[in-house]
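The lines below spell out each chain.
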Amino acid sequence: MSDGSVQQRQSQPAVPVLEQQRVGEILAAVPERGQWRYRPRRVGMLWRSRTLRVVAVFTVLALCGLVILALVRDQTGTQGFLVGLGLAVLPVPLLMTAFRWLDRVEPGPWRNMLFAFAWGACAAALVAILANSFATRWIATATADPGGADTLGATVIAPVVEESAKAAAVLLLFLFRRRDFNGIVDGVVVAGFAATGFAFTENILYLGNAFGEDQQMGSGFASVTVATFFVRAVMSPFAHPLFTVMTGIGFGIAASSAHHQRFRRIALPLLGLVLAMGMHAVWNGSSTFGPYGFYAVYGVFMVPAFGLVTWLAIWSRRRELRTLAVELPAYAAAGWLSPAEPLALSSMRARGRARDTARRWRATAVGGGGPYGHRGYAPAPITAQARAQAKAQGKAAARTVAEYESFATSLAFLRRQARRGTAGPDLAERELELLHHLWQRREVAGPALAYAAQATRRLRPRFTPPAPQPYGGYQGHGTYQPYGSHAPHPHPTYPYGQAPYGQPPYGQAPYGQAPYGQPPAYGQPPYTGQPYASQPYAQPPYAQPPYAQPPYAQPPSDAPLHNPAPYSPPDQYPDQCPDQYT
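Residues numbered from 1 in each chain as written. Predicted model: local features only at pLDDT ≥ 70, side-chain atom pairs only at ≥ 80, totals over all residues. Heavy atoms only, no water.

Here we look at the layout of surface pockets
In this structure, the largest pocket occupies an estimated 1,200 Å³ of space. If you trace the largest pocket, you find 43 residues lining it, with Glu 162, Glu 202, Tyr 206, Arg 232 and Asn 284 closest to the centre. In terms of residue count, the dominant contributor to the lining of the largest pocket is helix α7 (residues 184–217) (ten residues). Taken together, the residues of the lining of the largest pocket sort by class into 20 nonpolar, 19 polar and four charged. Size it by volume and the second largest pocket reaches roughly 930 Å³. Along its surface, the second largest pocket is lined by 37 residues, and Glu 106, Arg 179, Asp 180, Asn 182 and Ser 410 are the ones closest to its centre. The set of elements that each furnish at least two residues to the lining of the second largest pocket consists of α14 (348–367), α15 (384–420) and α16 (427–455). Ranked by residues supplied to the lining of the second largest pocket, first place goes to α15 with eleven residues. Grouping the constituent residues of the lining of the second largest pocket by class yields twelve nonpolar, ten polar and 15 charged. (1 Å grid on protein atoms, 1.4 Å probe; cavity = no way out; pocket = protein on both sides within 12 Å on 5 of 7 lines; lining within 4 Å. Points joined across faces, edges and corners; volume = space filled by probe spheres on them. Helix = DSSP H or I, 4+ residues; strand = E, 2+ residues; numbered from the N terminus. Nonpolar A, V, L, I, M, F, W, Y, C, P; charged D, E, K, R; others polar.)

Here's what the structure looks like:
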């Protein structure tokens, strides 16, 4: 037996011995990739494909939409379905516009908003219809009281099922799109879109049934349908969004909590969900409080709750603007921004003024125009092609300023997350990437923001601007001077009379050459490749994670943030106060 085993071992081929001098010979014998006989197997990699995930999610939502439309059409009929669809779509643009306006400071991706709306209109509505119908039939069979089953289903079953189904959209975005979910405003907006989609589908069902009743009674279109539309689309279009917003507020507070506050991160979303169910139950049960129960609940409970939630949402939006005024001056002190930019970026009015200013300046420079408002100036006629080119260049400049504002907002929120201890381990890399994007666009956005800060009275100069001079031509797209040799202040980028960017930060220009000597071309993406594949700067700005010791008692000595303290205006502008930002 042992002889056989010895003979078997001797018949096996010998394993190649790894020797340093034979490594090249062994690797040279490996065929090219196209001639491989064995290929790596990707076990468990199928679901990691982003394309597959997107297709799968939207396929599920589309199937849910088809099923829910078939169910609604079966209950309302074809005419009722079309009438309900036409009337239910009317309040949707108003609600979506309101929530999108609330999210203007740091707009979330449209794909997240559309997912939340589709989830509410398709998946949540389908779950609610099936679960509510099943629960109501089961209660009616068990109690032999169909009327009591309907009341119990509307006041107890429906709020639990519907709010849980709508909250699933908020939970999914909170878990899988965490970087886009930063605070109360994001939670309110996501919850509002999900509830708007759910209310849209529910209104189709109610309005279609009301139209069917009018058809049966021969009352035409002027009785039950109009009353239902007035109650659901005029008096209370905010009902479902108001309920689900409570859940969104809970998730928003949890998103802004530190990682070690685990109880808070779990308890607050659950508390918001319970409040949403309670408000929904009170609203659905208002008809059981007597003939005037609906009006009493509407006036005493719903309107004050709506006003309180609206105030909280607007306050959170203003707080986000104040975050920019508090966090960005540290980067201005380090030389990344001009002193006027934090003042402009913390005002939505100044932001819009900066975009419009960049558009006009660039279009005027390309089209050969003259100074704005200069009397006696007659611009030379230009061709249609030049006018179209000037318009396109103006739009490109406005888009560049908008991108600059978006990156600056993300930078301020990243610094706030670092203060709170909610930033991830890639904090330094994310900060450097945002600074890189700002640096590429500063030649276009800096003058426009500085001018907007002065034009909106965010920055008041100590001198009287000189009179406009004849236009001397366009001298490059980094510094716009529509008045020729003089701008409204000494230099639109440097309102304090000297350039803060004498030398590129960190001593040497990154990436081995001076990438900032030429401004990015309009119409082309300014940033390609992998900028941080290696150390981009001669001295890495953060040898260790920058905000390891909150609250910035002693920032790293090599960090670019030389003044992390809250911003105090220069002495020459004592009338400016960052706490008065609007």
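Describing the nonpolar core
Residues Phe 193, Trp 283 and Met 302 are the most contacted members of the largest nonpolar core, which totals 64 residues. Only α3 (50–88), α4 (91–102), α5 (110–143), α6 (146–176), α7, α9 (239–255), α10 (262–284) and α11 (293–327) provide two or more residues apiece to this core. In contact with Phe 193, other than residues within four places in its own chain, are Met 96, Phe 99, Arg 100, Trp 110, Met 113, Ala 116 and Phe 117. Ala 344, Tyr 404, Leu 427 and Leu 449 belong to the second-largest nonpolar core, a separate cluster that totals 40 residues. (Core = buried A, V, L, I, M, F, W, Y, C linked by side-chain atoms within 4.5 Å. Buried < 20%, exposed > 50% of the residue type's maximum accessible area, 1.4 Å probe, protein only. Contact = heavy atoms within 4.5 Å.)

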